[in-house]
Structure formats: C-alpha cells, structure tokens
Amino acid sequence: MNSTIGPPSSALRVTNAFKIFGRKPQEALKALKDGKSRKDVAALGTAAVIDASFEVKPGEIFVVMGLSGSGKSTLIRMLNGLLPMTSGSVHVGDTDISKISGKRLRQVRQKSVSMVFQHFALLPHRTVLENAAYALEIQGVDKKKRTAQATKMLETVGLTGWGDKYPGQLSGGMQQRVGLARALCSETDILLMDEAFSALDPLIRRDMQEQLASLQADLGKTIIFITHDLNEAMFLGDRIAVMRDGEIVQIGTPDEILTNPANEYVASFVRDVDRTRVLTAGSVMENPRAVVSINGGARAALLTMREQQTSGSFVIDRNRNFRGIVTDREVMALIDRGDSDLTEILTRADDAVSSETALNDLFGRSVESNTPLPVVDEKGRLVGAVARATLLAALGNVPSTTDAIQIVEPGQSAGNNDGSQQPAIFAPDPSGEKGGLL
Amino acid sequence: MANDLFRIPVGKWAESGLDWVIENLGAFFDGVKAFFSQFYAGLDWVLTTPPFWAVIVVLAALAFWLKGWKLALGSTIGFLVIYGMNQWENAMHTLALVLVASMVAVIISVPLGIAAAKSSAVSRVVKPVMDFLQTMPAFVYLIPALLLLGVGPVPGIVATIIFALAPGARFTELGIRSVDSEVVEAGQAFGASPMRILRQIQIPLAMPTIMAGINQIIMLSLSMVVIAGMVGGGGLGGAVYAALTGLNTPLGVESGLSVVILAIFLDRVTASLSKVKQHSAA
Ligand SMILES: Nc1ncnc2c1ncn2[C@@H]1O[C@H](COP(=O)(O)OP(=O)(O)OP(=O)(O)O)[C@@H](O)[C@H]1O
Ligand SMILES: [Mg+2]
C-alpha cells in the first residue's frame, strides 16, 4: 500500500491470476507453478489463464488481444467474478473480488463493474428502454428515475426515439448501442467489453469504435476491452496486453507493440495487419497545414507556426517542391542573429516519403520523428503529411478526424495558410476534436 | 409357464409394499381423494351447470382471444357437433378431468424441471424417474390407484397426473437450460440475484418451451383420461368403454369423435399459448 493521498493509482489490479478448468485444478495449478507448461498439465485440466498480472489505471482503455482460445473471455470473466479464479486475486479499487461472493459480489457488480457482451445479451422480451434501465432496476432505483436516466443514456448513444421498440426490431449495431447504454446507465467506473464489436459488420464497427473512444473521453470510464482484431486494439487501446495460450506475453502501448514486439508471436500478430501493406502514404495522408515558402523568410515562418499553433513547419519552394522542415526554436535563433534565410536552418530534407510508400515502411520513420512525415509526389512536390496519430488511426481504418481528408490539388498553392478549419498536421491529439460527435 | 431356474418376485414385493402403504398411509390417501374429488366436482359443476351455448360462447371467446376468429369459429362448430351427438355432458366431464389432472401435473412438474435445470444433481435423479413414469404402460398405474383411492374419477386423475408429469419436467429443464447463456450472464454481471434471474430472464425466455411441455401434458392427459374411464372415471372415456364392451358402434363413433374434437381444441389453444408475447430476436 502506498501512503499517498488521493484516488488509488489503479482502478483494477490483477495479481497472479490462474484459471484452470477441469477435474483437478489444484494439482494443475501446482504443476504450473512448478514450471510445467500448459501442455504438460493438459491431462489435469485446461489452463485457460496462467499467471496473469496487470494493473489498469483509472480512465484507461486497456485492450486484451489474442487468438481464439487464448483465454481472453476467461480472463475478463474473472474480473467481475463471473468465473471464480483458481488462484490469485483481482482488486477492484480496494475490494478483492476473489475473496467475496453472494451478496457482496453482486454489490460490486452493481456499483463498480458493468459489462458489454459480444452478442449484446439484451432481454428480448423487454423494450429497448427497459433493457437500458435494467441495471438500475436491479439496483432498486425507482421506475421514474431509472426511466429518465435510461432515456438520457439512449440519447447519448444515439438511440433517441427507439425506447419503445424491442431488441429484435433493431439492427446489430443499434442493439449493441443498447447494450452500451445499459452498461453506462449503471454508472460504474469500470466497463468490461468482451469482443463487444466483433459481431458487427465493419462499417458499423468502425462507427462504434469512434463512439466508444469519444464516450470514454467524455465520461472517463476505465475500459477493459477484449478483441482479436489488431486494428481495433490499436485504435482503442491506451495499452494492449497480448495473450497467447493463457499467458500474457506482452503489455505495452500500441507504439511499443508495433515497434518492439516482445516475441515472434506478437510480431506475427502485428504483421497480420494486411492493410499496412496495402495502404500507402498517399491513401492516409492529410492536408499539410503549417507550410511556408522558402522565400517568405523567417518572420513569415514564425507567423505561420503561431497561427497554426505548431512548433514546426514544412518548407517548400516556388514549385511547391519539398525542401525541408524548420522548427520554431531555430527560426527564433535565426531572427535573433538578424538573419532571415530559411535555407540555413532547413533539416530533414531527405525525410519526404513518396505517396506510394506502404504504411508498413512508415512506422519506423514516424516513430523516430516527432513531426509528421511529409509526403511528396513523383516530382518532389509536397502533397500531404502523415502524422503518427494518422498512421495509428489508419490501422483501425478510421480517419483521425471527423473532417473529410483534403488532398492538395496540384497547382493549388500549398503555401497558403488559411486552412484553419483543416486538420492540423502538428496538432497533438486529433481525437480531441471529436467531443461533439455524439 | 413356470420359471425353474430363478424367479425374482418383483411383483410380490410391489404388492406387499402397496399393502403396507394402504395400511399405514390410508389417512393420507383419504385426504388426497377428498382433495381431488372436491377439485373435480367444482370444475365439473362450472362446466355442466350453465346452458351448453353459454359454455360454447366462453370457449370460443377464449379461442378468439388466443388465436383468432378462425379457431373460434372452428371450436364453435366442433362443440355444436359434440352437442348434436349427445355427448355434451360427457365431454364436459372429460374436460374437467383433463383440466384438474393437467393443472396438478403442471404445478408439480414445472418446479421439478426448474430444479433439474439449476442443479445437475437433481437432474440426474429426476431424469430416470421421469423416464420410468412415462414408459411404464399407463394401465399399470390404474391398479395401485384403484386400490388406494377406490372407484370413481379420482384414481383416473391421479394415474393421469403421474403419466403426464414427464413432459412437463423435461421441457421445462430443456427450456431453461437452453436460454442464451450470455443473457443469463448479463443478469449476473449487473448484480441480479439467482431468483431474479430465474424470474425475469430464464422463465420468460424458456416460456415457449415450457408451454410446449404444458401442451404435451394436456394431450397426454386427454389420452389417459379415456383409459381412466374404464375405472369409473365417467365422461367420454366411460362412453368409449361402454361402447367397447357393448359393441355399440354408434356410441363408439360418437364418443370417439368427441374426444378427437376436444383434443384438437385443447391442442390449438395451448399451442397458441406458446407463441403469445414473443418478439422475434435477430
Ligand atoms: N467452461 C469451460 N470449461 C472448460 N474449458 C473452458 C471453459 N471455458 C473456456 N474453456 C477453455 O479455456 C480456453 C480459453 O477459452 P476462452 O473462451 O477464454 O478463449 P478466448 O480467448 O475468449 O477465445 P475466443 O476468441 O474464441 O472467444 C479454451 O481452451 C477453452 O476451451
Ligand atoms: Mg471469447
């Protein structure tokens, strides 16, 4: 226990959790702890989760990823005690789930941890509104209050006016919104989602991912999200845990998982993202925003950066050929020296990538540089930029902003800086613009 | 044919067991008998006292409410035919028998099915017992029933109940076990108690299957009630039995036809129960 004042540093803490199905779980457990492998103990039972430990911070989206049968569902069901664990502990806040049962466990489920299911798990004989209010009904909230609350939540997930319908009358995506509303209604801090979007078709799925991300930004829920889809994991996850055969083989940020896979298994997972090979820089790039003409001089460059609220800018020449990048610090220094020629401080002139470059090849460069990658056409003209966030969003096949991506038309001056409503290439967090999505 | 090698006197054991029961539990069975006679007499009174057309109107209204005008019309015609064949009173006696037996069978078998669905241990006991009860030739129940309860409608009702228990328990267990486990999990995940999950999720979702079981109970009861007519149960069963012993073709046809009409009515009405209030799930 640490003695610092304030909220606990973890919303959820799993310590050495084991789950073994079968006849002799305790014997299997002992063998596993003695260093035997999952295969060795197969005769004693199925080791579905082996020695899992992790912490989830409040407000974090923690994604658990792994192939079918790797133990994801088993793991998430131990977090709210739907499955009793064979060994280990799960702390929700200060409560150890593994030590309580019956009424106290139900209390935790009502107040602290709710769940969204893969196949929605709505009550087919109840209306959408009654479904959304179900968690509150269990908590004993009176009808008027829970109806009001559920109506509000249905509105939040974009289902205003559907309250009187039955789940069977809704599309899959809408049903899952009801499932989400039901979980949100219970006002728990922690949300468990087991392949919540896997049963939806790709377009709806992308939609739901965005909605979840913005909901999370608004409500600050702690979310444990299970998926076997890397794109989804990359898009949603603040951190990702990769599971294999019951064991967590790596926990890290999406960047870390992509660039630094712990082993061949994770690496092959990452490679599986076919679209990184299919997609090219040209297909995901966005309009470069901070762009200055090399003839404009230092003061013009500084003005542009201030207006765009960025700390760097692309530099192009009269033919819109990409010449390099300047940063605010160096421009300031240049002005201090009484100089104005940007050519002196140009850097990374060779960093431009062709619009034909596969996304796969952009990862390394994008991670190395803290500015977006300039994208040039076959004549060397600047046509777009790929920010790191764009790259990650592209993995989820989701535009990183809600605006349409605008590509600079050849012949149009890229040096103009009136693009205030266009996506910012140096903006720290494009998803911050999505607050008004719902 | 004598069996020289070895003979297991199962029948004798059963007989002495039964003797013991009669001697020691006589009071209990008197109570059972009183209960069923009252129950039956009450229901029979309700069905036979009003003029026949009033009963037909009520039954047709029920059919209309549950299924629609087609079944209402068909039922009206069917019951008029029964009346026309002079089997109305018999049919109402039989209906009362069937309803008493089915109600009691439902009250016993549905909770049994629920218990079996909730606990595999209970299921392991209930299943073979139900199989036994249902496969034993129905006539066999009549013997102890007669000895314990005397002649009249009651032994028939009790034998009918025992015979009809199995589908009720079996369908209920099946229905509850096949409720989508994710939906049950949802109830658990939001902190619902097991009783609440049973009441609000499992029973409502298993209802169509349970209703199919109840339909089976009623149909089995009807077939058994005719057999019960042989032990003085009266009603259509009595008429069929009388026709058989007297080789009375007209009575046989008329009472037999009435059983068929009653069966169709009961089947359609209870089958429609299992479809009421369902919302198609995607
Ligand atoms: N109730 C159970 N009894 C016995 N074995 C089980 C049970 N539930 C899961 N398992 C086994 O545990 C292992 C992990 O299953 P789990 O459902 O957690 O995997 P998963 O990662 O969620 O897979 P999927 O992506 O297919 O949902 C599997 O080998 C499975 O067969
Ligand atoms: Mg799973």
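Residues numbered from 1 in each chain as written. Chains lettered and ligands numbered in written order. Predicted model: local features only at pLDDT ≥ 70, side-chain atom pairs only at ≥ 80, totals over all residues. Heavy atoms only, no water.

**Quick look at the overall build of chain B**
Step number 1: Tallying secondary structure elements over chain B gives twelve helices and zero strands in all.
Step number 2: Along the first, second and third principal axes, the C-alpha atoms of chain B reach 65 × 60 × 35 Å.
Step number 3: The proportion of buried residues among the 282 residues of chain B is 45%.
Step number 4: Of all intrachain contacts in chain B linking residues separated by at least 6 positions in sequence, the fraction that spans at least 24 positions is 79%.
Step number 5: Carbon and sulfur atoms make up 70% of the accessible area of chain B, which amounts to about 14400 Å² in all.
Step number 6: Counting 15 positive and 14 negative side-chain charges, chain B places the averaged centre of each group 11 Å from the other. (Helix = DSSP H or I, 4+ residues; strand = E, 2+ residues; numbered from the N terminus. Buried < 20%, exposed > 50% of the residue type's maximum accessible area, 1.4 Å probe, protein only. Contact = heavy atoms within 4.5 Å. Areas by Shrake-Rupley, 256 points an atom, 1.4 Å probe, with all protein chains shown as cover. Lys, Arg positive; Asp, Glu negative; His and termini not counted. Charge placed at Lys NZ, Arg CZ, Asp CG, Glu CD.)

**Focus: the sheet that holds strand S15 (residues 373–376) of chain A**
All names here are of chain A.
Step number 1: Pairing is mixed across the open sheet formed by three strands, whose spatial order is S14-S15-S16. Pairing within the sheet leaves two strands with one partner each, and these edge strands are strand S14 (353–354) and strand S16 (382–386).
Step number 2: With four bridges connecting them, S15 and S16 associate as antiparallel partners. Paired with leucine 373 across the bridge in S16 is valine 386. (Pairing = 2+ DSSP bridges.)

**Notes on the site of ligand 1**
Residue and element names in this part refer to chain A.
Step number 1: Ligand 1 sits among 13 residues. The nearest are Ser68, Gly69, Lys72, Ser73 and Thr74.
Step number 2: One nitrogen or oxygen atom from the main chain of glycine 69 is found 2.7 Å from an oxygen atom belonging to ligand 1.
Step number 3: Glycine 71 places a main-chain nitrogen or oxygen 3.0 Å from an oxygen atom of ligand 1.
Step number 4: Considered on its own, ligand 1 offers 630 Å² of accessible surface; in the complex 59% of this is hidden by protein.
Step number 5: Elements supplying a minimum of two residues to the shell around ligand 1: strand S2 (46–56) and helix H2 (72–79).
Step number 6: The dominant element in the shell around ligand 1, judged by the number of residues it contributes, is H2, at three residues.
Step number 7: Across the shell around ligand 1, the residue classes tally to three nonpolar, seven polar and three charged. (Near = heavy atom within 4 Å. Polar contact = N/O pair within 3.5 Å; in protein donor to acceptor, adjacent residues only side chain to side chain. Nonpolar A, V, L, I, M, F, W, Y, C, P; charged D, E, K, R; others polar.)

**Some details on the UniProt feature "domain: ABC transmembrane type-1" (unreviewed entry) in chain B**
Step number 1: The sites that carry the UniProt feature "domain: ABC transmembrane type-1" (unreviewed entry) are, in the present numbering, residues 91–270 of chain B.
Step number 2: Structurally, residues 91–270 of chain B comprises 88% helix and 0% strand, and the distance from its first C-alpha atom to its last is 18 Å. (UniProt positions renumbered as here; feature names shortened; annotations may be inferred.)

**Re the pattern of salt bridges**
A side chain with one charge can pair with a side chain of the opposite charge if their charged atoms come near.
Residue and element names in this part refer to chain A.
Step number 1: This structure, assessed with the given rule, holds 15 salt bridges over all chains.
Step number 2: Where glutamate 60 meets lysine 57, a salt bridge forms, and the shortest distance between an N and an O atom there is 4.0 Å.
Step number 3: Residue classification places glutamate 60 among the buried residues on the basis of a relative accessible area of 6%.
Step number 4: On the accessibility criterion, lysine 57 (44% relative accessible area) is partly exposed.
Step number 5: We note a salt bridge from aspartate 207 to arginine 177, for which the minimum N-O separation is 3.2 Å. Here aspartate 207 is found in helix H8 (residues 202–219), whereas its partner arginine 177 is found in helix H7 (residues 172–185), with 30 residues between them in sequence.
Step number 6: A residue is classified by how much of its surface remains accessible, and aspartate 207, at 42% relative accessible area, is partly exposed.
Step number 7: Residue arginine 177 is classed as buried on the basis of its relative accessible area of 13%.
Step number 8: Among the ionic contacts, a cluster of salt bridges with common partners joins Lys57, Glu60 and Arg239. (Salt bridge = Lys/Arg side-chain N within 4 Å of Asp/Glu carboxyl O.)

**Considering helix H1 (residues 25–33) of chain A**
Residues and elements named next belong to chain A.
Step number 1: Within H1 the residues assigned to the buried category are Ala28, Leu29, Ala31 and Leu32. On an axial view of H1, the arc spanned by its buried residues comes to 165 degrees, and they lie on one face. Exposed side of H1, more than 90 degrees from the buried face: Gln26, Lys30 and Lys33 are the residues found there.
Step number 2: Where H1 is buried, its residues meet strand S1 (12–21), S2 and strand S4 (87–92).
Step number 3: Of the residues trailing H1, glycine 35 is marked for its positive phi of about 100 degrees. (Arc of directions from axis to C-beta.)

**Re the nonpolar core**
Step number 1: In this structure, A:Leu12, A:Leu180, A:Met193, A:Ile224, A:Phe225 and B:Phe36 are the most contacted members of the largest nonpolar core, which totals 177 residues.
Step number 2: Counting contributing residues, this core receives three or more from each of domain 1 (7–112 + 188–273) and domain 2 (282–426) of chain A.
Step number 3: By size, the runner-up hydrophobic cluster in this structure holds twelve residues, among which are A:Ala301, A:Met305, A:Val331 and A:Leu334. (Core = buried A, V, L, I, M, F, W, Y, C linked by side-chain atoms within 4.5 Å. Domains from an automatic or database assignment.)

**Focus: the interface of chain A and chain B**
Step number 1: Across the contact, 30 residues belong to chain A and 21 residues belong to chain B.
Step number 2: Residue B:Arg196 pairs with A:Glu137 through a salt bridge whose shortest N-O separation is 3.7 Å.
Step number 3: Inspection of the chain A/chain B interface yields nine residue pairs in polar contact (both at pLDDT 80 or more).
Step number 4: The greatest single-element share of the side of chain A that touches chain B, amounting to four residues, is contributed by helix H5 (residues 134–139) of chain A.

**Structural notes on the sheet that holds strand S7 (residues 190–194) of chain A**
Residue and element names in this part refer to chain A.
Step number 1: The sheet built from six strands is open, its strands ordered S6-S7-S8-S3-S9-S10 with mixed pairing. Looking at which strands have only one partner, the edges of the open sheet turn out to be strand S6 (113–116) and strand S10 (247–252). Within the sheet, the average angular offset between the axes of one strand and its neighbour, ignoring direction, is 20 degrees.
Step number 2: Sitting on the sheet, H7 is in contact with S6 and S7, with an inclination near 180 degrees to S6. (Axes fitted to C-alpha atoms, helices over the stretch in contact; angles between N-to-C directions.)

**Some points on the pairing of S16(A)**
Step number 1: The buried fraction of S16(A) amounts to five of the five residues, a majority that puts the element mostly inside the structure.
Step number 2: Hairpin remark: S15(A) followed by S16(A), antiparallel, with five residues in the connecting loop; positive phi at A:Gly380, about 85 degrees.

**Re the pairing of strand S12 (residues 312–316) of chain A**
Residue and element names in this part refer to chain A.
Step number 1: Burial analysis of S12 places five of its five residues in the buried class, the great majority of the element.
Step number 2: Here S12 shows a buried face lined by Gly312, Phe314 and Ile316 and a second buried face lined by Ser313 and Val315.
Step number 3: Here three bridges tie strand S11 (residues 291–293) to S12, and the two strands are oriented parallel to one another. From the neighbouring strand, valine 291 faces S12, where its bridge partner is phenylalanine 314.
Step number 4: Handedness of the S11-helix H14 (residues 297–308)-S12 crossover: right-handed.
Step number 5: Bridging between S12 and strand S13 (residues 322–327) involves five bridges; their strand directions are antiparallel. Paired with serine 313 across the bridge in S13 is valine 326.
Step number 6: Taking the residues that link successive antiparallel strands as the turn, the S12-S13 hairpin has five residues, and the phi of arginine 320 there is positive, at about 65 degrees. (Right-handed = clockwise from strand over helix to strand, strands pointing away.)

**Section: the environment of A:Gly66**
Residue and element names in this part refer to chain A.
Step number 1: Structurally, glycine 66 is set in strand S3 (residues 61–66).
Step number 2: Residue glycine 66 is classed as buried on the basis of its relative accessible area of 0%.
Step number 3: Separated by 176 residues in sequence, glycine 66 and valine 242 have C-alpha atoms that sit 5.6 Å apart.
Step number 4: Contact partners of glycine 66, with chain neighbours within four places excluded, come to Lys72, Thr227, His228, Met243, Tyr265 and Phe269.

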